Amino acid sequence: MQKALVATVLTIALVFLLLTLLIVLGKAWRELRDGRRRARRRVLEPLVLKYAHGSSPSILSALGGGVGAGDRVVVETILLDHVSRVRGVEHERLCRALDELGYVDRFLDALSGPRWWRRAEAAENLGLAGSKRSAKALAEALSDPVSEVRLRAAKALGLVGGRAAVLPLVNALAEPNRWSTIRIADILTNMGREVVAELMDAFPKLNAHAKLAAVDILGRIHSLDAVPWLMSRLSDTEADVRARAAHALGAIGVVDAAPQLRRALNDAEWPVRAMAAKALGRIHDAEAIPELCAALRDREWWVRANAAEALKLAGPMGIDALEGMLADADLYAKHQACLMLEDAGILDRHVAQLAGSGAVRTTAEAVVTRFIQAGQVSRLRELAATHSELSVRSELDRLLGPPVPAPEAP
Amino acid sequence: MSAMAFLQDALAVFNAVVLFYFIALNSIYLILFLISLVEVLKFVRRTFFSDYRQMMQSDMTWPISVLIPAHNEEKTIVETVRSMLMVNYGEFEIIVVNDGSEDLTLRRLIDVYELRRTDRPYKRAIPTSNVRAVYGSLSHPNLTVVDKEKGGKSDALNAGINLARYPLFCSIDADSIIEDNALLRVVKPFMEKPDETVAAGGIVRIVNGCDVKDGRVTRIALSDRALPILQVVEYLRAFLTGRVGWSNLQSLLIISGAFGIYRKQEVIEIGGYTHDTDTEDLELVVRLHEHMRRKKKPYRVVFVPDPVCWTEAPETLSVLARQRNRWHRGLLQTLWLHKRMLFNPKYGNVGMFAFPYFAVFELLGPFVETFGYLAVIVSYLLGILDVQFFLMFLAVAVLYGMFLSIAAILLEEISFRRYPGWLDLTKLLAYSVIENFGYRQVLSAMKVKAFWDAIRRRRAWGQMQRRGFQKKDAVAV
């Protein structure tokens, strides 16, 4: 028994010592390796850059005939670092160097390897290498079982470009991982107008969240070709699609969509109403002012907030409408109008006019009084204490009355 | 039977219990370590392929409301807010909740960030104590400060939730600094599985010894003092092996209050943070588990080992004792409040594994541990110390502990390598040995006292004495 105990104690102590040794040796090895690589990089990097700048006819001659086994990783790192930073002829030369030195073939081999992180790395590197001949392999990698590999392959396809890359990417929008969808959406957005037709064609076959991503992408690309299609999506059966379509039309700034967006302000679903209000603000639609005023009384905060913002963006007529809403019976509508007028600097302007006379002063006093009646007095109290004109401060003090403890905000 | 013989028998039984306890505890730690090893390696490989830049630029990344509750934090609040303002993230707002501070916390914020009162609507989704004013910043449009009457940290967080505009909120302690990409890293689980992820937490590391400039940790190093280094080793073990393992088992019960991110809707559904415990962060996560299990919806509470939140650790035993006293009281209160989850299969892994573990090993373990050490001493004094027992005790309590600490350092070295210098590594290795001779025993004794205090219903906040991040020519703690 005692022997077994001693053996246990010694075993644990030995494992402890081994782990300590592992940590120390691991760190020492890493530091030695990194030091050597840094030293070799200092030698090899100028040679690679000389080739990239066109001073050497080929990468092989620039590197003195070839790359030694110990330098393969260093040269690969240098090439990949620079290929992602440069454009034009230098980029092309570095891509060619990656191919000539056999790195592209190695990446293609690794793309079908057993370890997922090697496959992901290979896909990423193929994208950086801009290798058109890898498009097929990358498209196949979009069905890799590991999402990181699929994502890297999608990114690489985006970099490689061309129509062969679009359809697999559009289909990949159906990825269950939301972040993958977002990244693929970004990739497609960056590819621009060449993806518009494919997106619209593929839409009926996409799943729910891919459909939303597709509508978003079309809005972000700002393609006028997609406008009629987006307008038709305002009557889609899915509320989220209607909301995103409204948002996309606002992002593109389609004035012709205003009548349909105004109708969308009465949609049964609040996200659609909110997005329609936002879109109307973006296209500065003055005709929508009565509907936007009504939307200020909506039961949903986001609809009210977006409607108020839209009225502010609609110009002087919108501002007049917001001032009109200060007398509204709906407390929330009044509140939103106050916030927006304050935000737009209109309240400050009216306060400054309190020092004047005649109709301007009367209007200013009426607006300030409505703010006070709505309980929105923080800015007024601040101006009463800090305004540069004594007469304005006195007027504000008179209108505000004696300070009372701040009521809790609604 | 003589008294001596009875004592001998009693000690023998107790010794057997102690040995069994240590073997069981360390075996659980070993399993957690092995799970963590696999998970951390996977995580590191995945992190290599993370698109944080794209995530930051994407307008589809979820916006976040960052809540910073502050009570008498005049020394650190400006730095904390500055560090938050510089965080790499697309759309986010910062809500500082001044919870009835009696010092210059609010004044300093008003002066530095040009605050002015606003009429921003305050929707009382969760009841809180009275809000005195809401301030917006002229210089930083995404900064809001809520001034409210004192109601405690949980009340302050609830006020922040009420004011938060975004679907995710992140709670951060006012004495903490988070790294540039920390928000992007911790939000990733929500981006990947938005329907399932309800909460995620990041690793907390100790800032003592590091250089801090303009709200950023500019040089990472260990403190010159022993106590913070001992806590570094302890934190590495707790976060890298403990939480990663529990997270993988879908049984993570703690997301550190210093840095956690939650889905607002679920937190509002369960009524926000509670005032009933001393550790609102632990209780909230346990209640989220309970709520989600009851809803029978797939969900996950995730620990992400990479996002780093730097926080100041106690530098004196008395402050450490107060901190640990509060943590342990909070654990007891939380486990008691949710005792129906214990061994309840309805709550899955949480009820069947995590809850029993926390009850038996985290809550009651310090008794066994403290009295185990006492038993060794008493046996020795009475001349009845069994050598076999002593060797076994040494193996399972001390050597095994050392092995687990060194394993946590190994995990750190093969993954994140935050302490790059040889001197720091040597210190960590040395302290992973030293901590087993005094520090762990003191911690156990502190927990026993906390248990006693909780039973006597003593509640004190364990006020942390802040030294602030600015020191030694704008160099940190």
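Residues numbered from 1 in each chain as written. Chains lettered and ligands numbered in written order. Predicted model: local features only at pLDDT ≥ 70, side-chain atom pairs only at ≥ 80, totals over all residues. Heavy atoms only, no water.

### What to know about the overall build of chain B
Along the backbone of chain B there are 15 helices and 12 strands. For a compact globule of 477 residues, the expected C-alpha radius of gyration is about 23 Å, and chain B comes in at 23 Å, within 12% of that figure. Per-residue burial over chain B gives 64% buried out of 477 residues. Restricting the contact set of chain B to residue pairs at least 6 apart, pairs at least 24 apart contribute 80%. For chain B, the computed accessible surface area is about 18,100 Å², with 60% contributed by carbon and sulfur atoms. (Helix = DSSP H or I, 4+ residues; strand = E, 2+ residues; numbered from the N terminus. Rg over C-alpha atoms; globule rule 2.2 N^0.38 Å. Buried < 20%, exposed > 50% of the residue type's maximum accessible area, 1.4 Å probe, protein only. Contact = heavy atoms within 4.5 Å. Areas by Shrake-Rupley, 256 points an atom, 1.4 Å probe, with all protein chains shown as cover.)

### What about the pattern of salt bridges?
A side chain of one charge can pair with a side chain of the opposite charge if their charged atoms are brought near each other. According to the stated counting rule, one finds 66 salt bridges over all chains in the structure shown. Between Glu31 of chain A and Lys27 of chain A there is a salt bridge whose closest N-O contact spans 3.6 Å. Taken together, the residues Glu31 of chain A and Lys27 of chain A, both in helix α1 (residues 2–52) and four residues apart, mark about one turn of the helix. Among the residues examined, Glu31 of chain A registers a relative accessible area of 37% and is labelled partly exposed. In this structure, Arg132 of chain B engages Asp147 of chain B in a salt bridge whose closest nitrogen and oxygen atoms are separated by 3.3 Å. Here Asp147 of chain B lies in strand β5 (residues 143–148) and Arg132 of chain B lies in strand β4 (residues 131–137), a separation of 15 residues in the sequence. Assessed through its relative accessible area of 35%, Arg132 of chain B is described here as partly exposed. Among the charged side chains, a salt-bridge network with shared partners connects Glu342, Asp348, Arg379 and Glu382 of chain A together with Arg116 of chain B. (Salt bridge = Lys/Arg side-chain N within 4 Å of Asp/Glu carboxyl O.)

### Focus: the sheet that holds strand β12 (residues 300–311) of chain B
Residue and element names in this part refer to chain B. Read from one edge to the other, the open sheet built from 10 strands follows the order β3-β4-β5-β2-β1-β6-β11-β8-β12-β7, with strand pairing classed as mixed. Looking along the sheet, the strands with just one partner apiece sit at the ends: β3 (115–118) and β7 (176–178). On average, adjacent strands in this sheet sit at an angle of 30° to one another, irrespective of strand direction. Against the sheet, helix α5 (residues 153–163) touches β1 (64–70), β2 (92–99), β4, β5 and β6 (168–172), its axis set at about 140° to β2. (Pairing = 2+ DSSP bridges. Axes fitted to C-alpha atoms, helices over the stretch in contact; angles between N-to-C directions.)

### Re the packing of helix α9 (residues 280–295) of chain B against helix α10 (residues 317–337) of chain B
All names here are of chain B. For the pair α9 and α10, interaxial distance at closest approach is 9 Å and the crossing angle is 20°. Accordingly, the angle class assigned to the pair α9 and α10 is roughly parallel. Considering only the axes of α9 and α10, their crossing is right-handed. Between α9 and α10, the contacting residues are Leu282, Glu283 and Val286 on the first element and Gly330, Leu331, Thr334 and Leu337 on the second. The residue makeup of the contact of α9 with α10, split by class, is four nonpolar, two polar and one charged. (Parallel < 35°, antiparallel > 145°, perpendicular 65-115°, else oblique. Left-handed = near helix turned anticlockwise from the far one by under 90°. Nonpolar A, V, L, I, M, F, W, Y, C, P; charged D, E, K, R; others polar.)

### A few points about the environment of Glu194 of chain A
All names here are of chain A. For Glu194, the location among the structural elements is in the loop between α10 (178–191) and α11 (196–202). A C-alpha to C-alpha distance of 27 Å links Glu194 and Thr237, two positions 43 residues apart in sequence. With residues up to four places along the chain from it excluded, the contact list for Glu194 reads Gly162, Arg163 and Val166.

### Focus: the nonpolar core
In terms of nonpolar packing, the biggest core is built from 292 residues, with Leu396 of chain A together with Val66, Ile68, Val96, Leu183 and Tyr262 of chain B touching the most fellow members. At 17 residues, the largest contribution of residues to this core is made by helix α13 (residues 387–414) of chain B. With near-sequence residues (within four places) excluded, Ile68 of chain B lies in contact with Ile77, Thr80, Val81, Met84, Ile94, Ile95, Val96, Val97, Ile172, Asp173 and Ala174 of chain B. (Core = buried A, V, L, I, M, F, W, Y, C linked by side-chain atoms within 4.5 Å.)

### With respect to the packing of aromatic side chains
For the structure shown, the criterion picks out 21 aromatic pairs over all chains. Judged by centre distance (6.4 Å) and plane angle (25°), the ring pair of Tyr103 of chain A and Phe107 of chain A falls under stacked. Taken together, the residues Tyr103 of chain A and Phe107 of chain A, both in helix α5 (residues 103–111) and four residues apart, mark about one turn of the helix. For Phe107 of chain A, a relative accessible area of 6% gives the class buried. Measuring from ring centre to ring centre gives 5.3 Å for Phe169 of chain B and Tyr262 of chain B, while their planes differ by 25°; the resulting arrangement is stacked. Taken together, the positions of Phe169 of chain B in strand β6 and Tyr262 of chain B in strand β11 (residues 259–263) put the pair 93 residues apart, joining distant regions of the chain. Just as Phe169 of chain B is buried, Tyr262 of chain B falls in that class too. (Phe/Tyr/Trp six-rings, centres within 6.5 Å; stacked < 30°, edge-to-face > 60°.)

### Observations concerning the interface of chain B and chain A
Contact residues are listed per partner, giving 52 residues for chain B and 52 residues for chain A. On the surface where chain B and chain A come into contact, there are four salt bridges. A salt bridge links Lys188 of chain B to Glu148 of chain A; the nearest nitrogen and oxygen atoms lie 4.0 Å apart. Scanning the region where chain B abuts chain A turns up four residue pairs in polar contact (both at pLDDT 80 or more). (Polar contact = N/O pair within 3.5 Å; in protein donor to acceptor, adjacent residues only side chain to side chain.)

### Topic: the side chain of Glu413 of chain B
Relative to the helices and strands, Glu413 of chain B resides in helix α13. Overall, the relative accessible area of 4% leaves Glu413 of chain B in the buried class. Those residues within four positions of Glu413 of chain B in sequence are excluded, and the remaining contacts are Ile23, Lys27 and Arg30 of chain A together with Tyr419 and Leu425 of chain B.

### What to know about helix α21 (residues 346–353) of chain A
All names here are of chain A. The complete set of buried residues in α21 reads Ile346, Leu347, His350 and Val351. Angularly, the buried residues of α21 cover 140° about the axis, an arc narrow enough to put them on a single face. The secondary structure elements touched by the buried residues of α21 are α19 (316–325), α20 (331–343), α22 (358–373), α23 (378–386) and α24 (390–400). (Arc of directions from axis to C-beta.)

### What about the pairing of strand β10 (residues 216–219) of chain B?
Residues and elements named next belong to chain B. Two elements, strand β9 (residues 211–213) and β10, share three bridges in a ladder whose sense is antiparallel. Looking across to β10, one finds that Val212 is bridged to Val217. What sits between β9 and β10 in their antiparallel hairpin is a turn of two residues, with Asp214 showing a positive phi close to 50°.

### Considering unusual backbone geometry
Leaving glycine out, the prevailing phi sign among residues is negative, and the prevailing peptide bond configuration is trans. All names here are of chain B. Of note in this structure, Gln250 is not a glycine but carries a positive phi near 55°. Along the chain, the position of Gln250 falls in the loop between α7 (226–248) and β11. Not every positive phi belongs to a glycine, and Phe343 is a case in point at roughly 50°. Residue placement: Phe343 occurs in the loop between α10 and α11 (348–363).

### Some thoughts on the packing of helix α18 (residues 301–313) of chain A against α19 of chain A
All names here are of chain A. Interhelical geometry of α18 versus α19 gives an angle of 135° and a closest axis separation of 6 Å. One way to sum up the angle between α18 and α19 is to call them oblique. For the pair formed by α18 and α19, the contact residues are Ala308, Leu311 and Lys312 on the first element and Gly318, Ile319, Ala321 and Leu322 on the second. Partitioning the contact of α18 with α19 into residue classes produces five nonpolar, one polar and one charged.

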